[in-house]
Amino acid sequence: MTENAIMETARTSFMWLHAHPELAYEETETTAYLRAAFSRAGIRILDLPLATGLIAVLGTGQKPIVVLRTDIDALPVEEETGLPYRSQYAGKMHACGHDFHMASVLAAALLLKEREAHLVGTVYIVCQPAEEAPGGARTVLDTGALDGAAAIFGIHARPIYPVGTIGLCAGGMMASVDKFTLTFHGVGTHAAQPDRGCDPIVMAAQFVTAAQTIAARSVSPLRPAVVSVTHIDAGTTWNVLPERAWMEGTIRLFDADDRVLVKARMEELADGIAAAFGGRAEIGWTAGPPAVVNTARWSALARKIAAAADFVVVEAVPWMAGEDFAYYQETMETCFAFVGTGVGPENHHPQFSVDPAAIPQTARYLARMAEEALHRLQ
Ligand code: NI
C-alpha cells in the first residue's frame, strides 16, 4: 500500500470506530473490524483466548520483540459533538480518544508491513480491551503472548496540545490510582440528644479536612499528591443522628513509596479521629494501576524520532489520571507519549473530539519507534 492509501484507510477507520463505540469487554464489533483490517493487509493475528481485543504480529518472529499498544474501549458518555460521524450508540462515546489510538496504531502497522523485510526482530501490535475498566492490560499480559518483549510504546490523545505537538518526558507521565472506602461507626441517637450517642458525621467531617494535610504535610512538597473524597453518605433525615457515615474517594501519586506512606497516614487519621470521638473506623482499599513511568532510554529515542517526524516536542505535563499501560512496565520498559489532537474540552467530556489530522504524524512516529527500537536492541 502507498503511504497515501494507508493514511486514507486510517482516516476512514477512525470515523467508523468513532461511530461505533463499545464499552470495556464488549468490544466485539471493534475487534472484528480491526481483525479484518489486519487480515486484508496480510498481517498475522495471534490465536489467543481473548474474548475481545487481539495481538497482531510483524517481522521475523525472533527476538528482540517490541510492542505497540492501543486501547480499544469507549466510555458510557452521551456524545454532544454534533460531528457527522458521531456515535451511533446512545450513551456510548469514544470520549477518551481510543478511536484515534486505534487508527494511528493500525496505520503504523500498515507502514511497518511495507517495511517488514527491514525489521530486525518482531513487532507485536496489541489492541487491548478495557482500559477504562479494571483488568484490560492484565487480560493481555495473562495470555503470556508478550513474554520476552523488551519494550512497549503507547500514546494518549490530549486536547491540551494542538495537532503537531507531542508531550514526552523521562519519569512519571500518569499517576498511580488507589480507591478507598471509609466507614465511621458511631452510635445513633435523637438529634436533640447527641450526648446519648456517638456522632459519625462529626468524625467524617474531621477526616475530610484532616486528609488534606496528607498531601500538604506528609508527602514531600516536591512530589505531586492528590487525596480526594468524592462521595459521602450518612443519615436519612433531619432529626436523627445516624449509626454510621460512609465515604469513598481516590488517591493519585507518582512515587511508589508515597503510595505506602499515604495509605498508612489515611489509616492513622481515620483510626485516630474515630478513637478521639469514641467511634470506630473501617477502611478498605482497591489498588488500581501504578504510575506510568517512562525510562530515560526510550524517552530519549522518542524525542529524537518525534522531532524527525516534524512534531513540536514539549516536556510532557504529567497527568494525574491513571492508565493501565503501567502494568506492562512489570515486564518491559515503556515510553508513553501525549499526542496533541487539537485544543478543546478535556478527555471524558461529552464534547471531547480528536482532529483526525493528527493521525498520519502519530502513525509515522509509532512505526519509526518500533523499527528503530529493534535496531537499538541488537
Ligand atoms: Ni484513555
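Residues numbered from 1 in each chain as written. Predicted model: local features only at pLDDT ≥ 70, side-chain atom pairs only at ≥ 80, totals over all residues. Heavy atoms only, no water.

**Notes on the nonpolar core**
Right, so step 1: The biggest cluster of nonpolar side chains holds 63 residues, and the ones touching the most others in it are Phe38, Leu68, Phe100, Val123, Ile125, Phe153 and Tyr365.
Right, so step 2: No other element matches helix α3 (residues 98-114), which puts eleven residues into this core.
Right, so step 3: Contact partners of Tyr365, with chain neighbours within four places excluded, come to Ile155, Ile166, Leu168, Ala302, Ile305, Ala306, Phe311 and Ala337. (Core = buried A, V, L, I, M, F, W, Y, C linked by side-chain atoms within 4.5 Å. Buried < 20%, exposed > 50% of the residue type's maximum accessible area, 1.4 Å probe, protein only. Helix = DSSP H or I, 4+ residues; strand = E, 2+ residues; numbered from the N terminus. Contact = heavy atoms within 4.5 Å.)

**A look at the coordination of the nickel ion**
A metal bound by six donors in octahedral fashion has ideal angles of 90 or 180 degrees, whereas one bound by four tetrahedral donors has an ideal angle of 109.5 degrees.
Right, so step 1: At the metal site, the nickel ion is ligated by Cys96 (SG), His98 (NE2) and His156 (NE2), and these contacts range over 2.2 to 2.4 Å.
Right, so step 2: Mapped onto the sequence, the residues coordinating the nickel ion show the spacing C-x1-H-x57-H. One end of the pair, Cys96, is in the loop between β3 (65-71) and α3; the other, His156, is in strand β5 (residues 151-158), with 60 residues separating them in the sequence. His156 carries the same exposure label as Cys96, and that label is buried. (Donors = N, O, S within 2.8 Å, 3.2 Å for Na, K, Ca; no water.)

**Quick word on the domain arrangement of the protein chain**
Many authors give the size of an interface as the accessible area that is lost as the parts come together.
Right, so step 1: Split into domains, the protein chain comes out as domain 1 (3-172 + 291-376) and domain 2 (176-287).
Right, so step 2: A separation of 38 Å is found between the C-alpha centroids of domain 1 and domain 2.
Right, so step 3: Counting from both sides, the interface comprises eight residues of domain 1 and, opposite them, nine residues of domain 2.
Right, so step 4: Counting the surface lost from both domain 1 and domain 2, the interface buries some 610 Å², and carbon and sulfur atoms represent 72% of this.
Right, so step 5: It is Ala291, Met320 and Gly322 in domain 1 that bury the most area against domain 2; as a group they hold 74% of the surface buried on that side.
Right, so step 6: Viewed at the interface, domain 2 and domain 1 are joined by zero salt bridges.
Right, so step 7: Across the domain 1-domain 2 interface, the total number found is one residue pair in polar contact (both at pLDDT 80 or more).
Right, so step 8: The residue inventory of the side of domain 1 that touches domain 2, partitioned by class, reads six nonpolar, two polar and no charged. (Domains from an automatic or database assignment. Buried area = accessible area lost by both parts, 1.4 Å probe. Salt bridge = Lys/Arg side-chain N within 4 Å of Asp/Glu carboxyl O. Polar contact = N/O pair within 3.5 Å; in protein donor to acceptor, adjacent residues only side chain to side chain. Nonpolar A, V, L, I, M, F, W, Y, C, P; charged D, E, K, R; others polar.)

**Focus: the sheet that holds strand β15 (residues 312-315)**
Right, so step 1: The strand order β1-β2-β4-β3-β5-β16-β6-β15 describes an open sheet built from eight strands, whose pairing is mixed. Strands with a single pairing partner mark the edges of an open sheet, and in this sheet they are β1 (44-45) and β15.
Right, so step 2: In this structure, β1 lies alongside strand β2 (residues 54-59), joined through two bridges in antiparallel fashion. Bridging from a neighbouring strand, Ile45 pairs with Ala56 of β2.
Right, so step 3: Where helix α7 (residues 296-308) meets the sheet, its contacts fall on β5, β6 (165-168), β15 and β16 (333-340), and the angle it forms with β16 comes to roughly 35 degrees. (Pairing = 2+ DSSP bridges. Axes fitted to C-alpha atoms, helices over the stretch in contact; angles between N-to-C directions.)

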